[in-house]
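# Descriptive analysis of the structure
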Amino acid sequence: MPKKILIIGTGGTISSIDTGEGLSSSLPVEEILYFCTDQLKDLDFQADIRDIINIDSTLIQPEDWIKIAEEIELEYPQYDGFVILHGTDTLAYTASMLSFMLRNPAKPIVFTGSMIPAPIEHSDAINNVADSIRFAVDGCPGVFVAFNHKVIRAPRASKIASEDIDAFASVNEPPVALITSRDIKYNKKMIKTTDMPFSVDTLMDNNVFVLKIFPGLEPSFVEPIIANKNISGIVVESYGAGGLPYRGRNLLDVLANVAHKIPVVLTSQVVYDGVNLKTYEVGLRAHNAGVISARDMTKEATITKLMWLLGHTRDIERIRKFFEISLAGEVSPAEKAT
Ligand code: ASP
């Protein structure tokens, strides 16, 4: 029996045409697949298509994440795997959030897109779509990003280039697989199977604020923003291994004051290695002020994990505990407690 794959279109460069006023998402999935006919001719599979939205992913909203999750929930029993075509700009956010919403998938759910529109000669759409379908047909369970012949665990993917076709990195862990023209080379240690039942949990609270620090940031600018009663949690983009400035301009005290009311999670402006609040005195002070470490999570996974957790609890200590454990492979085991 050929494997049944559902291909869900949401837009992005992959579906774009040049309108004369910039690239605009408009091609349906059917037309994108047409360009991949040659690559897929020897693969035994049956595809169905759903164009659920067709937008530049700059315009993606949390409601769209729920829509994608609900579509997969509805169709889960009917299909062996899912491929989601998505704009690359916010792909890592959507894929990360979906890896929290889709609990224990026993089937492949693969996000992809392209840097060059599908109709343009030598577009990377052709390889990316063909690789994603081949990977979905192969049956490896989990939520993934397939891009430029790499398969990355979804909450470890970050966009690192705005033009290069090798646009996504697997952050702080190796890719799950590399796809060659002949086969799929798995990194066996990265494959997680589960006996737990599949479920979909779309509860979340997107009232999160992200604060990027820089030398000279005035605490008096920050105070009125984070005093907003509608903010449920804060992600602070700090530097390197993590810390908060207190010399001259005291952001440490400003954030310490809110950290006992709402969760304040510290991530880093650097892409690799992540936060370790034990390394520096500035980090330990942030830790002692009650700030939660995002450890080696991507920024996208940190923000979406906080939103998803806030949909389930407001309890800062519970959220702190959940940041210490992996829900979807987004964080490495905690040998380092902070
Ligand atoms: N702006 C586009 C988008 O995110 C970029 C892309 O898809 O590569 O929809």
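So, a few notes on the structure that sits alongside this text. This is a predicted model, so every value here is computed, not measured. (Residues numbered from 1 in each chain as written. Predicted model: local features only at pLDDT ≥ 70, side-chain atom pairs only at ≥ 80, totals over all residues. Heavy atoms only, no water.)

## Looking at the packing of aromatic side chains
The way to describe two aromatic rings as a pair is by their centre distance and the angle between their planes. Under the defined criterion, the tally for this structure stands at eight aromatic pairs. When the centroid spacing of 5.6 Å and the interplanar angle of 70° are considered together, the rings of Tyr34 and Phe35 count as edge-to-face. For Tyr34, a relative accessible area of 60% gives the class exposed. One aromatic cluster is present, formed by Tyr76, Tyr79, Phe82 and Phe198 through successive ring pairs. Just above the ring of Tyr246 sits the side chain of Arg285; from NZ or CZ to the centre is 4.1 Å. Stacked on the ring of Phe323, the Lys or Arg Lys305 has its end atom at 5.1 Å from the ring centre. (Phe/Tyr/Trp six-rings, centres within 6.5 Å; stacked < 30°, edge-to-face > 60°. Buried < 20%, exposed > 50% of the residue type's maximum accessible area, 1.4 Å probe, protein only. Lys NZ or Arg CZ within 6 Å of the ring centre and 35° of its normal.)

## Notes on the pairing of strand S8 (residues 142-147)
Among the six residues in S8, six count as buried, and that is most of the element. Residue alternation in S8 divides its side chains into two sets, Gly142, Phe144 and Ala146 and Val143, Val145 and Phe147, and both sets are buried. Looking at chain direction, strand S7 (residues 108-112) and S8 are connected through four bridges and run parallel. Residue pairing in the sheet places Val110 in a bridge with Phe144 of S8. Of the pairings in the sheet, the one linking S8 to strand S9 (residues 150-153) comprises four bridges and is antiparallel in character. Residue pairing for S9: Phe147 is matched across the bridge by Lys150. Hairpin remark: S8 followed by S9, antiparallel, with two residues in the connecting loop; positive phi at Asn148, about 50°. (Helix = DSSP H or I, 4+ residues; strand = E, 2+ residues; numbered from the N terminus. Pairing = 2+ DSSP bridges.)

## With respect to the site of the ligand
The ligand sits among Gly12, Thr13, Asp56, Ser57, Gly87, Thr88, Asp89 and Ser114. For the ligand, a nitrogen atom lies 3.0 Å from a polar atom in the side chain of Asp56. Measuring from a nitrogen atom of the ligand, one finds a side-chain N or O atom of Asp89 at 2.7 Å. With the chains in place, 90% of the 270 Å² that the ligand exposes on its own is no longer accessible. (Near = heavy atom within 4 Å. Polar contact = N/O pair within 3.5 Å; in protein donor to acceptor, adjacent residues only side chain to side chain. Areas by Shrake-Rupley, 256 points an atom, 1.4 Å probe, with all protein chains shown as cover.)

## Concerning the pairing of S7
With five of its five residues buried, S7 lies for the most part within the structure. The side-chain alternation of S7 yields two buried faces, one formed by Pro108, Val110 and Thr112 and the other by Ile109 and Phe111. For the crossover from S7 across helix H5 (residues 125-138) to S8, the handedness is left-handed. (Right-handed = clockwise from strand over helix to strand, strands pointing away.)

## A look at H5
Between its first and last C-alpha atoms H5 spans 20 Å; for 14 residues at 1.5 Å apiece the expected length is 20 Å, and the two agree. For H5, a buried count of twelve out of 14 residues is recorded, marking the element as mostly surrounded by other parts of the structure. At the exit of H5 stands Gly139, carrying a positive phi of roughly 95°. (Expected span 1.5 Å × (residues − 1).)

The values are spatial; any link to function lies outside them.
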